[in-house]
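Each chain is listed here by its residues.
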Amino acid sequence: MATLEAPRASELRGQVREWRRGRAELNYWEVASDAYIAIFAVVMIGSMAGNVVLNLRRLADDACVGSCAVTRELAPWLSALAVAAVVLGVARLLGPVFSPPAANVWLLGTPVDRGALLRPGWLRTVAFTVVGVVAVLLTPAVLGGFTPSTGVAFVVAGSAASLACVALAALSQVHEHAAARWLTWLVTGSLWVLLAATADGRLDGVPSVPTPVALALTAAGLVAGAVLAWRVRGSLSSMSRRVLGQTENLSPALSGALSSLDLGLMYDVLLARRWGKGATVTSRRGGPVGWWALVHSDLRRAVRAPQPFVVLAGMTLVPYAAASADAGRALVLATTLAGLLAGPPLCAGLRVVVRTRGVARMLPMSTAQVRGAHLVMPGTALLLYALGTTWTLLPLMPTQEAVRLAIACGLSSLAATLRWVSARPPDYGKPMVSTPAGAVPPGVLSSVFRGFDVWAVTALPLVFGPTGTVVSLAISLGVIAWLVSSDPA
Amino acid sequence: MADALLTVRGITRRFGERTVLDAVDLDVVAGEAVGVVGPNGSGKSTLLRCIVGADQPDAGETLLSGQQLDERRAEVRRDLAVVMDDIDFFPDLSVVEHLDLVARAHGQRDAEDLVDAVLDEVGLMQVSGQLPSTLSSGQRRRLALASVFVRPRTLLVLDEPEQRLDVEGVAWLGEKLVAEKAAGRGIVLVSHDPDLVAKVCDRVVRLGDA
Ligand SMILES: Nc1ncnc2c1ncn2[C@@H]1O[C@H](COP(=O)(O)OP(=O)(O)OP(=O)(O)O)[C@@H](O)[C@H]1O
Ligand SMILES: [Mg+2]
């Protein structure tokens, strides 16, 4: 056989880049002004957010004593763990080593060195992880009341740990072993235990570690992250197309949804992935007829995929932790927000009838009836969740009022969740709105805040006494009735 | 035989309780075309996916020129030209750029002439500057097929290459594959077109009538 002749991956990339550049329609002036606006926006928003965080820190420094101080001390560690869990989950979902399907067909089937083709993507993942985690951990570092040097060490150690998680996930992807799954369980489990201990008031602070030990641990974390990431880099060439194929369709679809800020589309992509290739179910038949058949199908969905309900149950710890931080009546904000965050995953059935008109049209019922049916399961779950937090309110008010407030919390979460889920897909046919990030369809920008608007108008009144509760209840019920019966754009 | 190109032994693939492929054997020598036929869902595509490494069989092995077929080895990727039944394209590369990319990635020196010749042959000259999203479904299929002919190859693995082609297109494909055989290459062809199979294939393996 003749010696194998294949170009280097960088040559190919250069070629593709040249083709792409040839048809770029923006001129350099436009690119420069876009970049300027983007940087301006980042600096503006960054300084505003920074200001808010610093003010909060000053407030906390003044006002936080007793059990609040303990919770405050624990908060950065809780957030670091939570960030690691999220990063690990996202990394495993997307690969973390991935290449888009077109590249799999047109490039990975050629003799070009596979490692060299995949390396830039991996380096991007590493850079994205480190920068992203640093940015996210800055807030807890400042609010946690660290000294500047400890704060820096905390941020560095936190991002190194997240990087190590991602790299470990990549290694278990390449070698197809289960280490990443165990790590995910470990991280989520410790997060939950720590959260439970905080809510319980059982912890009396973070054990103090001498500075040299802390520094040594930070350095060790850094080394571990770097070494693991380097090992992944070396093993990329032994990646098989089969493994890459497992996530190839997800990442471009998701990044497309992300770049157009379409969170609803992201939800749909994830839903499709959950029931995509390789998923199996045991069919069950029978059940009630008519309207109740829809409710029954949602119940079956919940049995088939109970994870979102488990997460919601786990979320009850958030208000209890807030209560242990002496948040007072403001803890209802934590309750409703946690409900809103855990709510949308409960609504898989509702999402399908909102997004796919054809399905709703197939059924011999009005839109309101169809949506109402698919609201029964998530509504029940959110109400039970909210009632489960009643005990956080008991020290603050008489039992009857506490129950009423808890119900109002549940309905507020349900209204906000419904608002989020009933987002219509953006209409790419309409004229685009120009933004620093490029042209986006109208309505997409507001989709980022969707749900939080309803949360704000229904949760804020709850803070202001029994009258607020009644007002919030009325608004929530109104919003739910309106969203169920109408076809909001 | 001396120049056995592809040797498949005992490929077994189960999905849950169902055994889709049960110890399938397949041999292709150089200059030979083997057809794989069977009803929908009989496991034809699954067999090809197992052979080219896009899926992992529960048992069995695949040899290419006497060596374990591992698509992670560059030599294997040079010898093996695959067109599966669904193909993704770079949305922002034109037809000619797609083909250029494949030819160059395979280290073809005279990439441009070769690509032009193949474009002419598959009838995509007119649309060579267009993006894949603007092609008709048959044209997209032709583009996928063209990618086979702009690169070196010793074994062609094709999953229903005739789908969506017009009558002339299928005739052209048949002649082209016969010419590939004459050039000493091996072919594994999955197809629902009995005429095409009769024209191209020396032997036929039937799946799914256990
Ligand atoms: N990921 C999977 N999970 C479960 N079953 C699968 C999976 N992929 C394929 N199958 C099953 O394997 C069987 C064979 O599928 P395959 O695609 O190989 O059929 P085929 O012979 O190519 O059919 P066609 O002529 O329609 O192309 C089918 O019954 C299909 O349902
Ligand atoms: Mg098939």
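Remember, predicted model here, so these are calculated numbers, not experimental data.

(A) Representation of the overall build of chain A. Scanning chain A for helices and strands turns up 23 helices and two strands. Relative to its length of 489 residues, chain A is compact, with a C-alpha radius of gyration of 25 Å against a globular reference of 23 Å. If one aligns the C-alpha atoms of chain A with their principal axes, the spans along those axes are about 85 × 65 × 50 Å. Looking at the 489 residues of chain A, the share that counts as buried comes to 42%. With the model as given, the accessible surface of chain A reaches about 25200 Å², and the carbon-plus-sulfur share is 70%. Computed over 38 positive and 22 negative side-chain charges, the separation of the two mean positions in chain A equals 9 Å.

(B) Inspection of the site of ligand 1 at higher detail. With respect to spatial proximity, 14 residues lie near ligand 1, and among them Gly41, Lys44, Ser45, Thr46 and His192 of chain B are the closest. Per-site note: the chains with residues close to ligand 1 are chains A and B. The separation between an oxygen atom of ligand 1 and a polar side-chain atom of Asn40 of chain B is 2.9 Å. One of the side-chain N or O atoms of His192 of chain B is found 2.8 Å from an oxygen atom in ligand 1. When isolated, ligand 1 has an accessible area of 640 Å², and the protein chains bury 67% of it. Within the residue set of the shell around ligand 1, elements represented by two or more residues are strand E2 (18-29) and helix H1 (44-52) of chain B. Per element, the largest residue contribution to the shell around ligand 1 is three residues, and it comes from H1 of chain B. Considering only residue class, the shell around ligand 1 consists of three nonpolar, eight polar and three charged.

(C) Representation of the packing of aromatic side chains in the model. All names here are of chain A. Here the structure, examined in full by the defined rule, presents eight aromatic pairs over all chains. Look at Phe146 and Phe154: their rings are 5.1 Å apart centre to centre, the planes differ by 35°, and that puts the pair in the tilted class. The exposure classification of Phe146 matches that of Phe154, with both residues buried. Relative to Trp420, the ring of Tyr267 lies with its centre 5.7 Å away and its plane at 65°, an arrangement referred to as edge-to-face. Here Trp420 lies in helix H20 (residues 399-421) and Tyr267 lies in helix H11 (residues 263-274), a separation of 153 residues in the sequence.

(D) Layout of the pairing of strand E4 (residues 59-64) of chain B. One ladder, built from five bridges, connects strand E1 (residues 4-15) of chain B with E4 of chain B; its direction is antiparallel. Bridge pairing in E4 of chain B links Leu6 of chain B to Leu64 of chain B.

(E) Fine view of the nonpolar core. Counting residues in each nonpolar core, the largest one holds 82 residues, and the members touching the most others are Val97, Trp106 and Trp122 of chain A. Setting aside chain neighbours within four positions, we find Val97 of chain A in contact with Leu118, Trp122, Ala170, Gln173, Val232, Leu236, Met239, Leu244 and Thr247 of chain A.

(F) Broad picture of the sheet that holds strand E6 (residues 80-83) of chain B. All names here are of chain B. Spatially, E6-E7-E8-E3-E9 is the arrangement adopted by the five strands of the open sheet, whose pairing is parallel. Every other strand in the sheet has two partners, leaving E6 and strand E9 (203-206) as the edge strands with one partner each. Across the sheet, the axes of successive neighbouring strands diverge by a mean angle of 15°, strand direction being ignored. Pairing of strand E7 (residues 155-159) with strand E8 (residues 186-190) involves five bridges; the strand directions are parallel. Paired with Leu156 across the two strands is Ile187, which belongs to E8. Docked against the sheet, H1 engages strand E3 (33-37), E6, E7 and E8, running at close to 145° with respect to E7. Along the sheet face, helix H5 (residues 137-149) touches E6 and E7 and points at about 175° away from the line of E6.

(G) Layout of the pairing of E3 of chain B. All names here are of chain B. With five of its five residues buried, E3 lies for the most part within the structure. The two faces of E3 match: Ala33, Gly35 and Val37 on one face and Val34 and Val36 on the other face are all buried. Pairing of E3 with E8, which is carried by four bridges, proceeds in the parallel orientation. Of the residues in E8, the one forming a bridge with Gly35 is Leu189.

(H) Broad picture of the side chain of Ser413 of chain A. All names here are of chain A. With respect to the helices, strands and loops of the structure, Ser413 is situated in helix H20. Take Ser413: its relative accessible area is 1%, and that puts it in the buried class. Residues contacting Ser413, with those up to four places away along its chain left out, are Thr335, Thr336, Gly339, Leu340 and Leu382.

(I) The arrangement of the domain arrangement of chain A in detail. All names here are of chain A. Splitting chain A by domain gives domain 1 (67-247) and domain 2 (288-488). Taking only C-alpha atoms, the centre of domain 1 and the centre of domain 2 are 30 Å apart. Listed as interface residues are eight residues of domain 1 and, on the opposing side, eight residues of domain 2. Counting the surface lost from both domain 1 and domain 2, the interface buries some 670 Å², and carbon and sulfur atoms represent 67% of this. Considering only the surface of domain 1 that becomes buried against domain 2, Trp192, Leu195 and Ala199 emerge as the three largest contributors, covering 53% of it. At the boundary of domain 1 with domain 2, the tally comes to zero salt bridges. Taken together, the connections running from domain 1 to domain 2 amount to one residue pair in polar contact (both at pLDDT 80 or more). Counting only elements with at least two residues in the side of domain 1 that touches domain 2, the list comes to helix H3 (67-94) and helix H7 (179-200). Top element by residues in the side of domain 1 that touches domain 2 is H7. It accounts for five residues. Grouping the amino acids of the side of domain 1 that touches domain 2 by side-chain chemistry returns five nonpolar, three polar and no charged.

What counts, and at which threshold
Residues numbered from 1 in each chain as written. Chains lettered and ligands numbered in written order. Predicted model: local features only at pLDDT ≥ 70, side-chain atom pairs only at ≥ 80, totals over all residues. Heavy atoms only, no water. Helix = DSSP H or I, 4+ residues; strand = E, 2+ residues; numbered from the N terminus. Rg over C-alpha atoms; globule rule 2.2 N^0.38 Å. Buried < 20%, exposed > 50% of the residue type's maximum accessible area, 1.4 Å probe, protein only. Areas by Shrake-Rupley, 256 points an atom, 1.4 Å probe, with all protein chains shown as cover. Lys, Arg positive; Asp, Glu negative; His and termini not counted. Charge placed at Lys NZ, Arg CZ, Asp CG, Glu CD. Near = heavy atom within 4 Å. Polar contact = N/O pair within 3.5 Å; in protein donor to acceptor, adjacent residues only side chain to side chain. Nonpolar A, V, L, I, M, F, W, Y, C, P; charged D, E, K, R; others polar. Phe/Tyr/Trp six-rings, centres within 6.5 Å; stacked < 30°, edge-to-face > 60°. Pairing = 2+ DSSP bridges. Core = buried A, V, L, I, M, F, W, Y, C linked by side-chain atoms within 4.5 Å. Contact = heavy atoms within 4.5 Å. Axes fitted to C-alpha atoms, helices over the stretch in contact; angles between N-to-C directions. Domains from an automatic or database assignment. Buried area = accessible area lost by both parts, 1.4 Å probe. Salt bridge = Lys/Arg side-chain N within 4 Å of Asp/Glu carboxyl O.

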